[in-house]
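Architecture and fold: a report
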Amino acid sequence: GSIHINLQAANPVAQIIGHELTHSLEGSKSYAALQKTVFDYITKTAGASAIDDERARLADVYKRNGKAHSTEAEVDADILANFVGTKLLTDENAIRYVVGYKRSFGVWMHEQITRLKAALGSKNAKTQAFLDKAARLYHAALAESKNAVRSENGGKKPDIVVLDNGMMYVQARRNVISG
């Protein structure tokens, strides 16, 4: 497929990363849950017609560029990918909302950001700073979510623990190693 980059985008790196991460989830159960959660967030924050308005806007953009999507699902995939690139890498409220409803997505995003940072090394300071900030936003949202889960479960610890260095592990509720 093709990647189309908006030259007027505030952060084209976020746009590319968001699209690629989102499209890597397509076809999975996580993708459907993420799309529902994101569309709920858009509707709550931008109004009941926001999704239909964005569908119409994108259809116009595609038409002007000679590339029409044939299905609503394809347009919705771009709405989701655009949202991930513009909000779920930069917007603290959007990240908290999504992590609050789909914590496993927050864990996955944090892992992907950490891997991307390692793969890029220190080649581009601006991109590293952007990814560092995104990782901190996810770390904070996951910590907040962990505390919410702990209080909802009568003080029990969550299954996934995020360390200060960003590493994550699954915490067993019972001794699973014997011998």
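For every chain, the first residue of the written sequence is number 1, and numbering continues from 1 along that sequence. Whole-chain, interface and lining totals are the exception, using all residues; otherwise, since this is a predicted model, local features are given only for residues with pLDDT of at least 70 and side-chain atom pairs are given and counted only at 80 or more. By convention in this description, side-chain values take in all heavy atoms of the structure and omit both hydrogens and water.

**Some words on the overall build of the protein chain**
Helix and strand counts for the protein chain come out as 7 helices and 2 strands. Mapped in sequence order, the helices and strands of the protein chain form the string α-α-α-α-α-α-α-β-β. Partly exposed describes any residue whose relative accessible area lies between the buried limit of under 20% and the exposed limit of over 50%, with all areas from a 1.4 Å probe on protein chains only and scaled to the type maximum. The 179 residues of the protein chain split such that 35% are buried. Contact definition: two residues touch when any of their heavy atoms are within 4.5 Å. If you take every contact in the protein chain between residues at least 6 apart in sequence, the share linking residues at least 24 apart comes to 58%. Methods summary: accessible areas were calculated by the Shrake-Rupley approach with a probe of 1.4 Å, and residue burial reflects only the protein chains presented. Total accessible area on the protein chain is roughly 10,900 Å²; 53% of this is exposed by carbon and sulfur atoms. Helix and strand labels come from DSSP, where a helix needs a run of H or I of at least four residues and a strand needs a run of E of at least two; each type is numbered from the N terminus.

**Details of the pattern of salt bridges**
We define a salt bridge as a contact between a side-chain nitrogen of Lys or Arg and a carboxyl oxygen of Asp or Glu at a distance within 4 Å. Throughout the structure, instances matching the rule amount to 10 salt bridges. Close ionic contact of Asp52 with Arg55 constitutes a salt bridge, the shortest N to O distance being 2.8 Å. Placement of the pair is Asp52 and Arg55 together in helix 3 (residues 50–64), with a separation of 3 residues, close to one helical turn. Look at Arg55 and you get buried, because its relative accessible area is 19%. The residue Arg57 makes a salt bridge to Glu54 at a minimum N-O spacing of 2.7 Å.

**Concerning the nonpolar core**
In this text, buried Ala, Val, Leu, Ile, Met, Phe, Trp, Tyr and Cys residues form a nonpolar core when linked through side-chain atoms within 4.5 Å. Counting 39 residues, the largest nonpolar core has Leu34, Val38, Leu88, Leu89, Phe105 and Tyr138 as the members making the most contacts within it. With residues near it in sequence (within four places) discarded, Phe105 still touches Leu25, Leu34, Leu88, Val98 and Tyr138.

**Considerations on the packing of aromatic side chains**
Pairs were defined over the aromatic rings of Phe, Tyr and Trp, the Trp ring being its six-membered one, requiring ring centres within 6.5 Å. Orientation was assigned from the angle between planes: stacked under 30 degrees, edge-to-face over 60, tilted for the rest. Under the definition given, this model contains 4 aromatic pairs. Ring plane angle 55° and centroid distance 4.9 Å describe the contact between Tyr41 and Tyr97, whose orientation is recorded as tilted. Placement of Tyr41 in helix 2 (residues 29–46) and of Tyr97 in helix 5 (residues 92–101) is noted, with a sequence separation of 56 residues between them. Owing to a relative accessible area of 16%, Tyr97 belongs among the buried residues under this scheme.

**Focus: helix 1 (residues 12–25)**
Take the residue count of a helix, subtract one, and multiply by 1.5 Å to get its expected span. With 14 residues, helix 1 should reach 20 Å at 1.5 Å per residue; the first-to-last C-alpha distance of 20 Å fits that figure. Of all the residues in helix 1, the buried ones are Ala14, Gln15, Ile17, Gly18, His19, Leu21, Thr22 and Leu25. Gly27, located one to two residues past helix 1, shows a positive phi value of around 90°.

**Brief notes about the packing of helix 5 against helix 6 (residues 103–120)**
In this analysis an axis means a line fitted to C-alpha atoms, helices contributing only their contacting stretch, and an angle means the value between N-to-C directions, from 0 to 180 degrees. Across the interface, helix 5 lies against helix 6 with an axial gap of 5 Å and an inter-helix angle of 120°. It follows that helix 5 is oblique to helix 6 by the angle criterion. On helix 6, the residues touching Val98, Val99 and Tyr101 of helix 5 are Arg103, Phe105 and Gly106. Three categories are distinguished: nonpolar for Ala, Val, Leu, Ile, Met, Phe, Trp, Tyr, Cys and Pro, charged for Asp, Glu, Lys and Arg, and polar for the others, with Gly belonging to the last. Taken together, the residues of the contact of helix 5 with helix 6 sort by class into 4 nonpolar, 1 polar and 1 charged. Under this scheme an angle from 65 to 115 degrees is roughly perpendicular, one under 35 degrees roughly parallel, and one over 145 degrees roughly antiparallel; angles in between are oblique.

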